[in-house]
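Descriptive structure summary
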Amino acid sequence: MTEIQLRNIDKHFGPVHVIRDINLTVKDQEFVVLLGPSGCGKTTTLRAIAGLEDIDSGEILIDGKAVQDVHASERDVAFVFQNYALYPHLTVYENMAFPLRAVRQSRAEVDRMVQSVAASLGISGLLNRRPSALSGGDMQRVAIGRSLVRRPKAILLDEPIGSLDAKLRESMRVELKRLHIENGSTSIYVTHDQVEAMSLADRIVVMHEGLLQQVGSPDEVYRYPVNMFVAQFVGSPIMNLADVDISESASGVGVNLGGTSFAFPPALSGKLKEAGAQPGKLKLGVRPEGVLVSRDAQDGYVEVTVGIIEPLGSHDIVDLKVGDAVLRARTKSAFVPGPGATVWARIDPAQAHFFDTTTGSSLGIRL
Ligand SMILES: Nc1ncnc2c1ncn2[C@@H]1O[C@H](COP(=O)(O)OP(=O)(O)O)[C@@H](O)[C@H]1O
Ligand SMILES: [Mg+2]
């Protein structure tokens, strides 16, 4: 049973305010991913939890016990670094045994743990090798194995597969998920890769410039981003954002962008007023899958011109020119005739987001 709590954590490096009043509770057996761009403070936060970095103020609690003044070696959390950090002169077996020998476990117990963890990682055949004779993926398996043998209270992983090639990253992602399901260790995982975050996390913590932006399940963060930063950081290709104004007529509500009016349900105008939307300070956000495309004129669709098409095999990403604006849409492969063609488009109101351009915050409107 391990719960980790961060309360009002603050940290500066010289004049740079790296962590700003972070509050977070990681529940027992939970897999939490800290996601954000390079330099946003992910590593520093993780190192602070491990005790590898002091904090200026705040409290770090492991199972309810404040540990900010407890030495790293006494916190009983394992840390997996991006750059493996294996001992080059020791075999895989000895690398994995090292943390157990350090706490004077019996020879039999060391052997039992190393063999069992090696088997679960699929590296039993590599125990006599030295790190220099391993592939990148195997090195990282050993590094993870070394952190697991001690059965730590929690495991902290800092971009553990970031330096592997794309194909290997994909299979390691699945392995990490399986390992977590088997071991159920409370885990905090750092990455700048939103796909990794979406696929691994029970909850994602989106960070930007030392501040927590949003904490939620992958589905919540994807479907209900709280601000424009989260909206555009999570999801690929990124969410369309466009300045819009609203017009009301007898026939309904129009969301106008690029000199074109997209039809929305009448309920939108009341919801915008309720949310305090300011004229001239409104952005529409819609993911490419929320831009619906038709090859024929249809009620509620507006005429647009096809720009660049990115064929991705399973689907296409198509630029649609809407006056002087561009909306990217996701379509079936080879659905639109080609660049320059005329097609018709609609914005799915259920997938539309509205943001206040002054604060960047979502107005929380759901249609
Ligand atoms: N030891 C250090 N001394 C000074 N500045 C640091 C140190 N470590 C990190 N920083 C700065 O703190 C900020 C956050 O860094 P870091 O936590 O490594 O971000 P991330 O892991 O999200 O890329 C960056 O601006 C970085 O340059
Ligand atoms: Mg980092």
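A brief report on the enclosed structure follows. Keep in mind it's a predicted model, so treat the numbers as computed, not measured. (Residues numbered from 1 in each chain as written. Chains lettered and ligands numbered in written order. Predicted model: local features only at pLDDT ≥ 70, side-chain atom pairs only at ≥ 80, totals over all residues. Heavy atoms only, no water.)

**Topic: the pairing of strand 20 (residues 342–347)**
A regular strand places its side chains on the two faces of the sheet in alternate fashion. For the record, the criterion: Pairing between strands is defined by DSSP: at least two bridges between them are needed. A helix here means a DSSP run of H or I that spans at least four residues, while a strand means a run of E at least two residues long, and both kinds are numbered starting from the N terminus.
In this structure, strand 16 (residues 291–294) lies alongside strand 20, joined through 4 bridges in antiparallel fashion. Paired with Val293 across the bridge in strand 20 is Ala345. The sheet contact formed by strand 17 (residues 302–311) and strand 20 spans 4 bridges and is antiparallel. Looking at strand 20, one finds that Val304 is bridged to Val343.

**Considerations on the site of ligand 1**
Under the convention used in this document: One heavy atom within 4 Å of a molecule or strand is enough for the residue carrying it to be called near that molecule or strand. Polar contacts, as used here, are pairs of N or O atoms within 3.5 Å; protein pairs need one atom able to donate a hydrogen and one able to accept it. Residues neighboring in sequence count only if both atoms are side-chain atoms. Using a 1.4 Å probe, accessible areas were evaluated by the Shrake-Rupley method; residue-level cover was limited to the displayed protein chains. Each residue gets one label: Ala, Val, Leu, Ile, Met, Phe, Trp, Tyr, Cys and Pro are nonpolar, Asp, Glu, Lys and Arg are charged, and the others, such as Gly, are polar.
Residues in close proximity to ligand 1 include Phe13, Val18, Pro37, Ser38, Gly39, Cys40, Gly41, Lys42, Thr43 and Thr44, which together make up its full environment. Gly41 has a polar backbone atom sitting 3.0 Å from an oxygen atom of ligand 1. In this structure, an oxygen atom belonging to ligand 1 sits 2.8 Å away from a side-chain N or O atom of Lys42. Protein contact buries 57% of the 560 Å² of open area that ligand 1 shows by itself. With 3 residues, the single largest contributor to the shell around ligand 1 is helix 1 (residues 42–50). Of the residues contributing to the shell around ligand 1, the split by class is 4 nonpolar, 5 polar and 1 charged.

**Looking at empty space enclosed by the protein**
Inclusion rule: Cavity and pocket criteria rest on a 1 Å grid covering protein atoms alone: a 1.4 Å probe that fits but cannot get out defines a cavity, protein on both sides within 12 Å along at least 5 of 7 lines defines an open pocket, and an atom within 4 Å of a point defines a lining residue. Grid points are joined across faces, edges and corners, and a volume is the space filled by probe spheres set on the points.
Under the defined criterion, the tally for this structure stands at 1 cavity of 30 Å³ or more. The computed volume of the largest cavity comes to approximately 110 Å³. If you trace the largest cavity, you find it lined by Phe31, Ile144, Leu148, Ile155, Leu157, Leu176, Leu179, His180, Asn183, Ser185 and Ser187. For the lining of the largest cavity, the leading source of residues is helix 5 (residues 166–183), giving 4 residues.

**A look at helix 2 (residues 92–102)**
Rules: Categorising residues by exposure relies on relative accessible area from a 1.4 Å probe, with only protein chains included: less than 20% of the type maximum marks a residue as buried, more than 50% marks it as exposed, and the intermediate range marks it as partly exposed. Here, two residues are considered to be in contact whenever any of their heavy atoms come within 4.5 Å of each other.
Those residues of helix 2 that fall on the buried side of the exposure criterion are Val92, Tyr93, Asn95, Met96, Ala97, Pro99 and Leu100. Where helix 2 is buried, its residues contact helix 3 (107–121) and helix 4 (136–148). Downstream of helix 2 by one or two residues, Arg104 has phi in the positive range, about 55 degrees.

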